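Each chain, written out:
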Amino acid sequence: YVYDTYRNELPEPVQQRYQRWERSVVARIRLAVADNQATGTLRVDVDAEMITFAVLSLANWASRWFHDVGPLSIESVVEGYWRVLWLGFDPRDDQH
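Calculation rules
- Residues numbered from 1 in each chain as written.
- Predicted model: local features only at pLDDT ≥ 70, side-chain atom pairs only at ≥ 80, totals over all residues.
- Heavy atoms only, no water.
- Phe/Tyr/Trp six-rings, centres within 6.5 Å; stacked < 30°, edge-to-face > 60°.
- Helix = DSSP H or I, 4+ residues; strand = E, 2+ residues; numbered from the N terminus.
- Buried < 20%, exposed > 50% of the residue type's maximum accessible area, 1.4 Å probe, protein only.
- Axes fitted to C-alpha atoms, helices over the stretch in contact; angles between N-to-C directions.
- Parallel < 35°, antiparallel > 145°, perpendicular 65-115°, else oblique.
- Left-handed = near helix turned anticlockwise from the far one by under 90°.
- Contact = heavy atoms within 4.5 Å.
- Nonpolar A, V, L, I, M, F, W, Y, C, P; charged D, E, K, R; others polar.

**Examining the packing of aromatic side chains**
Tallied over the entire structure, the rule returns 2 aromatic pairs. Where Tyr18 meets Trp21, the ring centres are 5.4 Å apart and the plane angle is 40°; that geometry is what we call tilted. Here Trp21 and Tyr18 lie together in helix α2 (residues 12–39), a separation of 3 residues that amounts to about one turn. Taking the relative accessible area as the measure of exposure, Tyr18 reaches 26% and is therefore partly exposed. Residue classification places Trp21 among the partly exposed positions, given a relative accessible area of 48%. Seen in terms of ring centroids, Trp65 and Phe66 are 6.2 Å apart; in terms of plane orientation they differ by 85°. Their pairing is edge-to-face.

**A short note on the environment of Trp86**
Among the structural elements, Trp86 can be located in helix α4 (residues 74–87). Taking the C-alpha atoms as reference points, Trp86 and Thr41, separated by 45 residues in sequence, lie 10.0 Å from one another.

**Quick notes on the packing of α2 against helix α3 (residues 48–65)**
Two elements in contact, α2 and α3, have axes separated by 9 Å at closest approach and are oriented at 125°. As the angle between them shows, α2 and α3 are arranged oblique. For the pair α2 and α3, the sense of crossing is right-handed. Between α2, through Val25, Val26, Ile29, Arg30, Val33 and Gln37, and α3, the contact on the second element is made entirely by Ala48, Glu49, Ile51, Thr52, Phe53 and Leu56. For the contact of α2 with α3, the residue count by class is 8 nonpolar, 2 polar and 2 charged.

So this is what it looks like as structure tokens:
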């Protein structure tokens, strides 16, 4: 969030370095999603690009709302995100 808000105020070399890093992170996640779809360990009825950015969105927004002094621990947030990502929202699909 901080980076995106003040991106244009950073020196150009810093912006370029961050953009390269950002692209590499997206590419690695996209590759992991595609690999898992190809092996059947991840659903194929949802676009790989959509899954990639859903994962990134979860991670990015947590920095906006999570506070370590709040009612949730970081472990419970990670567990909750994992359950949503891998098990979905439908309680009938919760087999774990």
